[in-house]
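Each chain is listed here by its residues.
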Amino acid sequence: MQNTQQQCTKCVMDTTDPDIRFDAQGVCNYCLEAAIVLPKMKFTAEQEQENLAKIKQMVHSDANKYDCVIGLSGGVDSSYVALLAHKLGLKALCVHFDNGWNSEIAVSNIKKIVQKCNYDLATYVIDWPEFKDLQRSFFKAGVVDIEMLTDHAIMATMFQLRKKYKLKYILSGSNYVTEHGMPLKWIWRKQDLTNIRDIQSKFGTKKIKNFPTMNSVKFQLSKLFGLGGTYIEILNGVNYSKVDAMEALKREFGWEYYGGKHYESVFTKFYQAYILPTKFKFDKRKVHLSAQIRNGEITRDEALQELAKDIYDPIQLKNDRQYVLKKLGFSEEEFGAMMAAPPKQHLDYASDEWIFNIWRKLKGKKNA
Ligand SMILES: [Zn+2]
């Protein structure tokens, strides 16, 4: 059973996050932070139009074939970015990152979107044997953020593509409303290439050759000097609601929902709905539902009802488990032993954390 000793009185976050803190009224630190930030994400219709017009003015260019890049996963956030870009008349190059795990629904969503918007689609297909070996290594290492491999590769690929096509702007699906309040212990820093390399050197059988990488120094320098392009978080400029966005996507593109945040990938679903709750004893649905409560999209009672439901349909779980194990080449015994082994920290392996600590200090001084 999960440890739910204390649960926030406003959202559904609880002490399965070891860093959670509560005030005297039992309200968690995530709710308290969001109460300050969320009102800044609410706009009048005029403000919303103004924000979008500013983005269009900055990004639109007659000179180039494309004026921006959109990384399209087929999920709600990135699909809605494509819809907004299309409505603004922007000429986007869409990039689909194929790591071998994307669901058919996600791929079909992507096709519908680029067809309707008349956008070009560049598909990056990962070197599967190498990526499979990396994913196996992360399983064996026992660290929490197996998904950082995909996130890291997407980041590096977007950087390379932007350079290739000489594009300055990246329309990103990152947004505060649906993504805020993720406990730090539940994820790891995606840029940490030293961590990836060390884990692969200890547990892998292949050298990293084709897997797209970007080291932390380059990443931070490019951020500092704007070399990685300008990331525009367009969803932070509109009244973004996942429920409304899905309605619009269904209406405009015939887009289909795949049943859970980030479940557009079979692996992500199995990771979030099986590996994390089973081995690491936490349930990411709590973060996503809590964000929706704070945004006024659902009530706390509705979220509690949702949490009471099975996280995985038993038949689906059996099928997905078989599929994932077979694809990664793990036997039942091997996989069972890894799931039963105590979790390890990312910091049990070499890491670029020191670079980020310096960066944080510099930033702190700059802001002081
Ligand atoms: Zn809370």
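Structural data are supplied above this passage.
In this report, the structure presented in the accompanying data block is examined. (Residues numbered from 1 in each chain as written. Predicted model: local features only at pLDDT ≥ 70, side-chain atom pairs only at ≥ 80, totals over all residues. Heavy atoms only, no water.)

### Quick look at the pattern of salt bridges
Under the convention used in this document: Salt-bridge detection follows one rule: a side-chain nitrogen of Lys or Arg within 4 Å of a carboxyl oxygen of Asp or Glu. Per the convention used, a helix needs a DSSP run of H or I reaching at least four residues, while a strand needs a run of E reaching at least two, with both numbered from the N terminus. Only protein chains enter the accessibility calculation, which uses a 1.4 Å probe. A residue is then buried if its area is under 20% of the maximum for its type, exposed if over 50%, and partly exposed in between.
Enumeration over the complete set of coordinates arrives at 15 salt bridges. Note that Glu334 is salt-bridged to Arg136, the shortest N-O span being 3.7 Å. With Glu334 in helix H15 (residues 332–340) and Arg136 in helix H5 (residues 128–141), this residue pair connects regions lying 198 residues apart in the sequence. According to the relative accessible area criterion, Glu334 is partly exposed, its value standing at 33%. Where salt bridges share partners, they join Lys87, Lys116 and Glu252 into one cluster.

### A word on the packing of helix H3 (residues 76–87) against helix H10 (residues 242–253)
Note the following rule: The axes used here are C-alpha line fits, helices contributing only the stretch in contact, and every angle between their N-to-C directions lies in the interval 0 to 180 degrees. Small angles under 35 degrees read as roughly parallel and large ones over 145 as roughly antiparallel, with 65 to 115 read as roughly perpendicular and the rest as oblique. Note on convention: the crossing is left-handed when the near helix lies turned anticlockwise from the far helix by less than a right angle, right-handed when the turn is clockwise. Residues count as neighbours in contact if any of their non-hydrogen atoms are within 4.5 Å of one another.
Contact geometry for H3 and H10: axes closest at 10 Å, N-to-C directions at 60°. In terms of orientation, H3 and H10 fall into the oblique class. Considering the relative orientation of H3 and H10, their crossing is left-handed. Of H10, the residues touching H3 (which contributes Val76, Ser79, Tyr80, Leu83 and Lys87) are Lys242, Ala245, Met246, Ala248, Leu249, Glu252 and Phe253.

### Some remarks on the coordination of the zinc ion
Note the cut-off: Listed donors are limited to N, O and S atoms within 2.8 Å of the metal, widened to 3.2 Å for Na, K and Ca; water is not among them, so incomplete-looking sites are possible. Site shape is set this way: if four donors have all angles between 85 and 135 degrees, tetrahedral; if opposite donors are over 155 degrees apart and all others between 65 and 115, square planar for four donors and octahedral for six; otherwise irregular.
In this structure, Cys8 (SG), Cys11 (SG), Cys28 (SG) and Cys31 (SG) serve as the protein donors to the zinc ion, at separations of 2.3 Å. Coordination geometry of the zinc ion: the 4 donor atoms subtend angles of 104 to 113° at the metal centre, consistent with an arrangement described as tetrahedral. Sequence positions of the donors to the zinc ion reduce to the motif C-x2-C-x16-C-x2-C. Of the two residues, Cys11 is situated in the segment before helix H1 (29–37) and Cys31 in helix H1; the sequence distance between them amounts to 20 residues. In this structure, Cys11 and Cys31 share a single accessibility class: buried.

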